[in-house]
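Chain residues, written in single-letter form:
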Amino acid sequence: MSADATGAAASAPAVNPNAPTSETVLDVEHYTDRLFRFRITRPMSFRFRSGEFVMIGLPKEDGKPLLRAYSVASPAWDEELEFYSIKVPDGPLTSRLCNIEPGDKVLLAKKPTGTLVLDALLPGKRLYMFSTGTGFAPFASLVRDPDTYERYDEVIVTHTCREVAELAYSRNLVESLVNDPLVGEMVEGKLRLYTSVTREPHEHTGRITDLIESGKLFADLGVPGLDPATDRAMICGSMAMIQDTKALMIKAGLNEGSNASPAEFVIEKAFAG
Ligand code: A2P
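Residues numbered from 1 in each chain as written. Predicted model: local features only at pLDDT ≥ 70, side-chain atom pairs only at ≥ 80, totals over all residues. Heavy atoms only, no water.

**Quick notes on the packing of aromatic side chains**
Taken as a whole and judged by the stated rule, the model has ten aromatic pairs. For the ring pair Y128 and F218, a centre distance of 6.1 Å and an interplane angle of 90° mean the geometry is edge-to-face. Here Y128 is found in strand 7 (residues 126-132), whereas its partner F218 is found in helix 8 (residues 216-221), with 90 residues between them in sequence. Here F218 falls in the buried class, since its relative accessible area comes to 8%. (Phe/Tyr/Trp six-rings, centres within 6.5 Å; stacked < 30°, edge-to-face > 60°. Helix = DSSP H or I, 4+ residues; strand = E, 2+ residues; numbered from the N terminus. Buried < 20%, exposed > 50% of the residue type's maximum accessible area, 1.4 Å probe, protein only.)

Written as structure tokens, this is what we have:
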């Protein structure tokens, strides 16, 4: 090594290879005073599997990053990254994040991870994705991924919210998929969105757990009840919703899977605040 090279290395500032990258906001859409989605640039080196989550955030006034786990709502093949977020008025991150506009910067961590991935499930016939609130986000990724339709004959996504207005993101997205150049033909006759609302009138009302337990969900869809031989499930919502829905999967004879040991159902293990 030359003297020059040694000197340059010694004086170079320490660079943390795992530090978040600064990405540009491309698009923001607000649905209600509590919900919005946004899209940011995707670095070439950022790889993830549809359904995974990653830490994203904003710099704090003291310069340190304020990061929270967010499911990536766009599919793995997309050139941009999409996120679906709640707005909490006194939330340290979301109270500021909800004001972002195109051109602003958002921090993106380097290592996505997660259990809501197709690889953590055994092959099957019918895939259920049970979601409440912003828990729909990882499924917004998976319903846009051709792999989902290559692996399952039937894909049933459920989304339960307190109010009808909170269903806008899932309904718009699923409706638009028939015109999607990549999965448009695959979703026809295969993908179904079942929405329910708990605090005002709607076509279907009640918590997803009650709809599973009573059998109403299956009757409405015209499918048999849960069967570990054919059915697989992914669950994403609040901690309580995940635990209660998980208990119903176990009662139906489905086992929890992971990346290391795929089985019949998986649950989300990250929470955005
Ligand atoms: P509910 O209105 O009966 O509380 P939240 O915004 O609180 O996460 O709720 C989103 C949706 O999830 C609401 O429709 C809510 O119903 C429902 N929910 C809340 N807790 C559970 C639970 N433990 N199991 C199933 N659904 C739940």
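**Description of the site of the ligand**
Taken together, T132, T160, C161, R162, T198, R199, R207, T209, A240, M241 and D244 make up all the residues around the ligand. Between the ligand and R207, the relevant distance is 2.9 Å, taken from an oxygen atom to a side-chain nitrogen or oxygen of the residue. In this structure, a nitrogen atom belonging to the ligand sits 3.5 Å away from a main-chain N or O atom of M241. Taking 550 Å² as the accessible area of the ligand by itself, protein coverage stands at 82%. Taken atom by atom, the bulk of the ligand overlaps the largest pocket. Within the residue set of the shell around the ligand, elements represented by two or more residues are strand 8 (154-161) and helix 9 (239-251). Broken down by element, the residue count for the shell around the ligand peaks at three residues, all from helix 9. Split into classes, the residues belonging to the shell around the ligand amount to three nonpolar, four polar and four charged. (Near = heavy atom within 4 Å. Polar contact = N/O pair within 3.5 Å; in protein donor to acceptor, adjacent residues only side chain to side chain. Areas by Shrake-Rupley, 256 points an atom, 1.4 Å probe, with all protein chains shown as cover. 1 Å grid on protein atoms, 1.4 Å probe; cavity = no way out; pocket = protein on both sides within 12 Å on 5 of 7 lines; lining within 4 Å. Sits in = over half its atoms within 2 Å of the grid points. Nonpolar A, V, L, I, M, F, W, Y, C, P; charged D, E, K, R; others polar.)

**Brief notes about helix 9**
With 13 residues, helix 9 should reach 18 Å at 1.5 Å per residue; the first-to-last C-alpha distance of 19 Å fits that figure. Looking at helix 9, one finds that the buried residues are M241, I242, T245, K246, L248 and M249. Down the axis of helix 9, the buried set is contained in an arc of 160°. They therefore lie on one face. Along helix 9, exposed side chains directed more than 90 degrees from the buried face belong to M239 and K251. Structurally, helix 9 contributes buried residues whose contacts are with strand 7, helix 7 (208-214), strand 10 (231-236) and strand 11 (265-267). Following helix 9 by one or two positions, G253 has its phi on the positive side, about 95°. (Expected span 1.5 Å × (residues − 1). Arc of directions from axis to C-beta. Contact = heavy atoms within 4.5 Å.)

**Comments concerning the pattern of salt bridges**
Evaluation of the coordinates by the stated rule reveals 17 salt bridges. Here D220 makes a salt bridge to K216, at a shortest N to O gap of 2.8 Å. With D220 and K216 both in helix 8 and four residues apart, the pair spans about one turn of that helix. Look at K216 and you get partly exposed, because its relative accessible area is 36%. One network of salt bridges, in which partners are shared, links D27, E29, R37, R39, D78, E80, E82 and R144. (Salt bridge = Lys/Arg side-chain N within 4 Å of Asp/Glu carboxyl O.)

**Quick look at the environment of I156**
Residue position: I156 is located in strand 8. Judged by relative accessible area, I156 falls into the buried class, the value being 0%. In this structure, the C-alpha to C-alpha distance between I156 and F136, residues 20 residues apart in sequence, is 12 Å. Setting aside anything within four residues of it in sequence, one finds I156 in contact with R126, L127, Y128, M129, R192, L221 and V223.

**Observations concerning the layout of surface pockets**
Looking at the largest pocket, its volume works out to about 900 Å³. For the largest pocket, the lining is made up of 33 residues, of which T132, G133, T134, G237 and S238 are closest to its centre. The set of elements that each furnish at least two residues to the lining of the largest pocket consists of strand 4 (65-71), strand 5 (80-86), helix 3 (137-142), strand 8, helix 7 and helix 9. Looking at the lining of the largest pocket residue by residue, the classes come out as 16 nonpolar, ten polar and seven charged. (Points joined across faces, edges and corners; volume = space filled by probe spheres on them.)

**Some points on the domain arrangement of the protein chain**
Reports of interface size often rely on the accessible area that becomes lost once the parts have come together. Per the domain assignment, the segments making up the protein chain are domain 1 (21-108) and domain 2 (118-267). At the interface, 21 residues of domain 1 touch 18 residues of domain 2. Taken together, both faces of the contact between domain 1 and domain 2 bury some 1600 Å²; the carbon and sulfur share is 58%. In this structure, the connection of domain 1 to domain 2 is made through three salt bridges. E82 is the partner of R144 in a salt bridge, and the nearest nitrogen-oxygen pair spans 3.1 Å. (Domains from an automatic or database assignment. Buried area = accessible area lost by both parts, 1.4 Å probe.)

**As for the sheet that holds strand 6 (residues 105-108)**
Pairing is antiparallel across the open sheet formed by six strands, whose spatial order is 4-3-6-1-2-5. Both outer strands of the open sheet, strand 4 and strand 5, are each paired with one neighbouring strand and no more. Averaged over neighbouring strand pairs, the angle between their axes works out to 40° when direction is ignored. Pairing geometry for strand 2 (residues 35-41) and strand 5, over seven bridges, is antiparallel. Directly across from T41, in strand 5, lies its bridge partner E80. (Pairing = 2+ DSSP bridges. Axes fitted to C-alpha atoms, helices over the stretch in contact; angles between N-to-C directions.)

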